[in-house]
Amino acid sequence: MPDSRKTGRRHLTSLLLAIMLVAAVALAGSNQGSVYPIAGVHIPVFVLCALIALGLNWIMFLPSYLARTEHYFDLTGSLTFVTVMLTALMLSPSQDLRVVTLTLLVCIWATRLGGFLFLRVRTDGGDGRFDAIKGDFLRFLLAWTLQGVWVLLSSAAALAAITSTNRVEMGPVAVAGIVLWASGFIVEVAADAQKRAFRADSHPAHHPRQRSSHAGSTRGKTLGRRCGLPDLQGQNTAAGSPPAPLNLQLLSKRTADSADIRTPTVIFLQNQMAHYS
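Residues numbered from 1 in each chain as written. Predicted model: local features only at pLDDT ≥ 70, side-chain atom pairs only at ≥ 80, totals over all residues. Heavy atoms only, no water.

Comments concerning the pattern of salt bridges
Opposite charge on two side chains permits them to pair, given that their charged atoms come into close proximity.
1) Next: Under the counting rule described, the total for this entry stands at 6 salt bridges.
2) Next: Measuring nitrogen to oxygen at the nearest pair gives 3.8 Å for the salt bridge that ties D96 to R167. Highlighted residues: D96 in the loop between α3 (73–91) and α4 (97–124) and R167 in the loop between α5 (137–163) and α6 (172–200), separated in sequence by 71 residues.
3) Next: According to the relative accessible area criterion, D96 is partly exposed, its value standing at 23%.
4) Next: Since its relative accessible area comes to 23%, R167 is described here as partly exposed.
5) Next: The salt bridge partner of R112 is E188, with a shortest N-O separation of 2.7 Å. (Salt bridge = Lys/Arg side-chain N within 4 Å of Asp/Glu carboxyl O. Helix = DSSP H or I, 4+ residues; strand = E, 2+ residues; numbered from the N terminus. Buried < 20%, exposed > 50% of the residue type's maximum accessible area, 1.4 Å probe, protein only.)

Take a look at the structure:
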């Protein structure tokens, strides 16, 4: 029983730290950002996006916990990206070509990835990472909370550019970023297709060409996801917008530059299962 209480306190502390991180990023991203009046109170649009990132995941957590299912986890992450980006675009004071492009690219990337992961879980019948935690209220809630944190950190620089009160026109850097994003997107799609084909083979050890294809797909997916978001973040500074405090560009770039774009959530889940299961 004492160990159980200690574990509960540990998860609760992690949950509070995640919320504090979201609050800090939201505060930093609101610098020189647009605001939206709600009931006479002017709330920074970046803060609203942060609240949505956590709120959507908490809402979806409740039925998922009651049903003891993780089937809608990845789909919710995709929906959170799209909702946050569209909210930032609609509530910003002006919509120019640059911010519309940023929104569109993030939404395309998130929709493709979320749909792919959702269909994979449906086909496989589940995600083994969640087997040890989906019956534990705090641990499962923490996983959903970290997904909201991941969404906010990954899209922070794009959100800062979209909600900024300073507007700049599309330039050579933006065009280069779009080309880089498209290249990474194509590589990621191809890598996921290769990996899916590899997983569909019930006996990969007997097919050396399949093993080689899987190795290439892993490297391709890493490259694709490294190209997917950092180029958008680079537009935030290189195109002329002032850098936000706490270096939001660096925060989100570190998230996107990891081997898997979902690394913060994945690492937590793997460590938790290894330690407590």
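What to know about α4
1) Next: With 28 residues, α4 should cover 40 Å at 1.5 Å per step; its first-to-last C-alpha distance of 40 Å lies within 8% of that length.
2) Next: Of the residues one or two after α4, G125 is the one with positive phi, at around 90°. (Expected span 1.5 Å × (residues − 1).)

Considering the packing of helix α2 (residues 45–67) against α3
1) Next: Orientation of α2 relative to α3, taken along the N-to-C sense of each, is 155°, at an axis distance of 9 Å. Looking at the two axes, α2 sits roughly antiparallel to α3. In the packing of α2 onto α3, the handedness of the crossing is right-handed. On α3, the residues touching V45, L48, C49, I52, A53, L56, N57 and M60 of α2 are T76, L79, T80, T83, V84, T87, A88 and L91.
2) Next: Broken down by class, the residue content of the contact of α2 with α3 amounts to 11 nonpolar, 5 polar and no charged. (Axes fitted to C-alpha atoms, helices over the stretch in contact; angles between N-to-C directions. Parallel < 35°, antiparallel > 145°, perpendicular 65-115°, else oblique. Left-handed = near helix turned anticlockwise from the far one by under 90°. Contact = heavy atoms within 4.5 Å. Nonpolar A, V, L, I, M, F, W, Y, C, P; charged D, E, K, R; others polar.)

Some thoughts on the nonpolar core
1) Next: Core analysis: the largest hydrophobic core is formed by 51 residues, its most contacted members being F46, F81, M85, W109, F140, L152 and L159.
2) Next: Those elements that place two or more of their residues in this core are α1 (2–29), α2, α3, α4, α5 and α6.
3) Next: Take this core: its biggest share by element is 17 residues, from α5.
4) Next: If we ignore the near neighbours within four places in the chain, the residues touching L152 are V22, V25, F46, A50 and L159. (Core = buried A, V, L, I, M, F, W, Y, C linked by side-chain atoms within 4.5 Å.)

A word on the pairing of strand β1 (residues 35–38)
1) Next: With 4 bridges joining them, β1 and strand β2 (residues 41–44) adopt antiparallel strand pairing. Across the sheet, Y36 pairs through a bridge with I43, a residue of β2.
2) Next: Connecting the antiparallel pair β1 and β2 is a turn made up of 2 residues, with A39 showing a positive phi of about 55°. (Pairing = 2+ DSSP bridges.)

Side note on a positive patch on the surface
1) Next: On the surface, R5, K6, R9 and R10 cluster together into a patch of positive charge.
2) Next: For R9, a relative accessible area of 52% translates into the label exposed. (Patch = residues over 30% accessible without salt bridge, like charges linked within 9 Å, V, L, I, M, F, W, Y side chains within 5 Å. Areas by Shrake-Rupley, 256 points an atom, 1.4 Å probe, with all protein chains shown as cover. Lys, Arg positive; Asp, Glu negative; His and termini not counted. Charge placed at Lys NZ, Arg CZ, Asp CG, Glu CD.)

Observations concerning unusual backbone geometry
With the exception of glycine, the majority of residues adopt a negative phi angle, and the majority of peptide bonds are in the trans configuration.
1) Next: Its identity is not glycine, yet Q32 carries a phi of approximately 60°, on the positive side.
2) Next: In this fold, Q32 is placed in the loop between α1 and β1.
3) Next: Taking the relative accessible area as the measure of exposure, Q32 reaches 41% and is therefore partly exposed.
4) Next: Look at R68: it is not a glycine, yet its phi comes out positive at around 55°.
5) Next: Secondary-structure assignment places R68 in the loop between α2 and α3.

Quick word on the side chain of S154
1) Next: On the secondary structure map, S154 appears in helix α5.
2) Next: Only 2.9 Å separates the side chain of S154 from the backbone oxygen of W150, close enough to count as a polar contact. (Polar contact = N/O pair within 3.5 Å; in protein donor to acceptor, adjacent residues only side chain to side chain.)

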